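If you want the building blocks of each chain, they are given just below.
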Amino acid sequence: MQVEGYTTDLADQYFQPTKRGTSMTAKEFSDTQAGWDEIAAGFDEYATPLTTAFAEAALQRVDLRPDMRFLDVAAGSGALSLPAARLGAEVVATDISPAMVELLEARARDENLTTIEAHVMDGHALELEDDAFDVSASMNGVSLFPDMQRGLGEMVRVTKPGGRILILAFGPPTEAEFITFFLEAMQSAVPGFDGLPMDPPPLPFQVADPEQLRARFVDAGLNDIRIDTGSWETEFRSATHLWNMVVNSNPIAASLVANLSQEQIAEIQEVLDTKLRERAGGSGPAVLATRMNIASGTK
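What you are looking at is a predicted structure, and each value in this text was computed from that prediction instead of being measured.

Cut-offs used in this document
- Residues numbered from 1 in each chain as written.
- Predicted model: local features only at pLDDT ≥ 70, side-chain atom pairs only at ≥ 80, totals over all residues.
- Heavy atoms only, no water.
- Pairing = 2+ DSSP bridges.
- Helix = DSSP H or I, 4+ residues; strand = E, 2+ residues; numbered from the N terminus.
- Axes fitted to C-alpha atoms, helices over the stretch in contact; angles between N-to-C directions.
- Contact = heavy atoms within 4.5 Å.
- Buried < 20%, exposed > 50% of the residue type's maximum accessible area, 1.4 Å probe, protein only.
- 1 Å grid on protein atoms, 1.4 Å probe; cavity = no way out; pocket = protein on both sides within 12 Å on 5 of 7 lines; lining within 4 Å.
- Points joined across faces, edges and corners; volume = space filled by probe spheres on them.
- Nonpolar A, V, L, I, M, F, W, Y, C, P; charged D, E, K, R; others polar.
- Salt bridge = Lys/Arg side-chain N within 4 Å of Asp/Glu carboxyl O.

Draft legend 1. Examining the sheet that holds strand S7 (residues 159-170) more closely. If you walk across this open sheet you meet the 7 strands as S5-S4-S3-S6-S7-S9-S8, and the pairing is mixed. Single-partner strands in this sheet number two, and they are strand S5 (116-120) and strand S8 (223-236). Averaged over all pairs of adjacent strands, the angle between their axes in this sheet comes to 20°, without regard to strand direction. The sheet contacts of helix H4 (residues 98-110) involve strand S4 (90-95) and S5, and relative to S5 the element is tilted by about 170°.

Written out as structure tokens, the structure reads:
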């Protein structure tokens, strides 16, 4: 991935077609783990609070009840795990990033949620027993794996017969306004920046087409498949708030801005400020919408 003549190896992993459907090498695993560790504190501060409400609503689709065993793969700092525990489920959360796991555990302690246990684990190869969970879920996690089908297969393997699988994944990047606002601002401030490559799209958008997501569920052997779309609406108080959310949401974004000058960052935020004030009508927070795909199926 090149911006202003520099290359970021971590971002390359999200764009190279040859990486699709293959396992990570040891170096790629280490680099990915380090990338998520680096943004974990910002992710916890900015991304997790904005995603929790959408996660709470999505859990209603799998009829999660007290005492059910719930698995959250690529859990981040708990946007899906914490609402599941509040419903009384026995939660196991896994994430590749030790820093994310520590932050999730801190959130659970703060809420005295004693039914959550969290582990550092590669979602491509879960160190968990077969047929162990009533519901297995992932929010913007398994859907950005280099080998998504293997990650989904692992979720199916550890779910009980008759159990449910839930995947929440981004729709098209053109319908993710927090991203389009940011990219348009970057294009105005960074010479030579043409936006994200779309052939293929970045891994977070590999199942933006609901029918592609349905096909993944079919290939995983799931039944009673349901694919819906929903709008994830987020409020941004300022250009700085939106900047912090985006650059801490994924190592892709962090790598895109790593070599920007302070003058470029200031110019980007000035453009964002104008766009957000226009959206808000001059006062109050601006509400940006992102289309999400919500997929569920039965093992």
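Draft legend 2. A look at the pairing of strand S9 (residues 286-298). In terms of residue burial, S9 counts as a mostly covered element, since 10 of its 13 residues are buried. Inspection of the sheet shows S7 paired to S9 by 7 bridges, in the antiparallel sense. Bridging across to S9, Leu-168 finds its partner in Ile-294. In this sheet, S9 lies alongside S8 in antiparallel orientation, the contact comprising 12 bridges. Pairing of Ile-227 across the sheet is with Ala-295, part of S9.

Draft legend 3. Region of the structure containing the layout of surface pockets. A volume near 240 Å³ is recorded for the largest pocket. Forming the boundary of the largest pocket are 12 residues, of which Gly-35, Glu-38, Ile-39, Ala-254 and Ser-255 lie nearest the centre. At the level of secondary structure, the elements contributing two or more residues to the lining of the largest pocket comprise helix H2 (26-59) and helix H9 (251-256). Of the residues that constitute the lining of the largest pocket, the class distribution is 7 nonpolar, 3 polar and 2 charged. Size it by volume and the second largest pocket reaches roughly 160 Å³.

Draft legend 4. Seen up close, unusual backbone geometry. In this structure, Asp-67 is a non-glycine residue whose phi angle is positive, near 75°. By secondary structure assignment, the location of Asp-67 is in the loop between H2 and strand S3 (69-73). Residue classification places Asp-67 among the exposed residues on the basis of a relative accessible area of 61%.

Draft legend 5. View of the pattern of salt bridges. In this structure the tally under the stated criterion is 16 salt bridges. Here Asp-31 and Lys-27 are joined by a salt bridge, their closest N and O atoms 2.7 Å apart. Of the two residues, Asp-31 and Lys-27 are both situated in helix H2; the distance of 4 residues between them amounts to about one turn of the helix. Given the relative accessible area of 24%, Asp-31 is considered partly exposed. Of the residues examined, Lys-27 reaches a relative accessible area of 55% and is grouped as exposed. Taking the shortest distance from any N to any O, the salt bridge between Arg-279 and Glu-177 comes out at 2.9 Å. Here Arg-279, found in helix H10 (residues 262-280), pairs with Glu-177, found in helix H6 (residues 177-189); they are 102 residues apart in sequence, far enough to count as distant. With a relative accessible area of 36%, Arg-279 lands in the partly exposed category. Its relative accessible area of 21% is what places Glu-177 among the partly exposed residues. Connected through shared salt-bridge partners, Glu-56, Arg-86 and Glu-111 make up one network.

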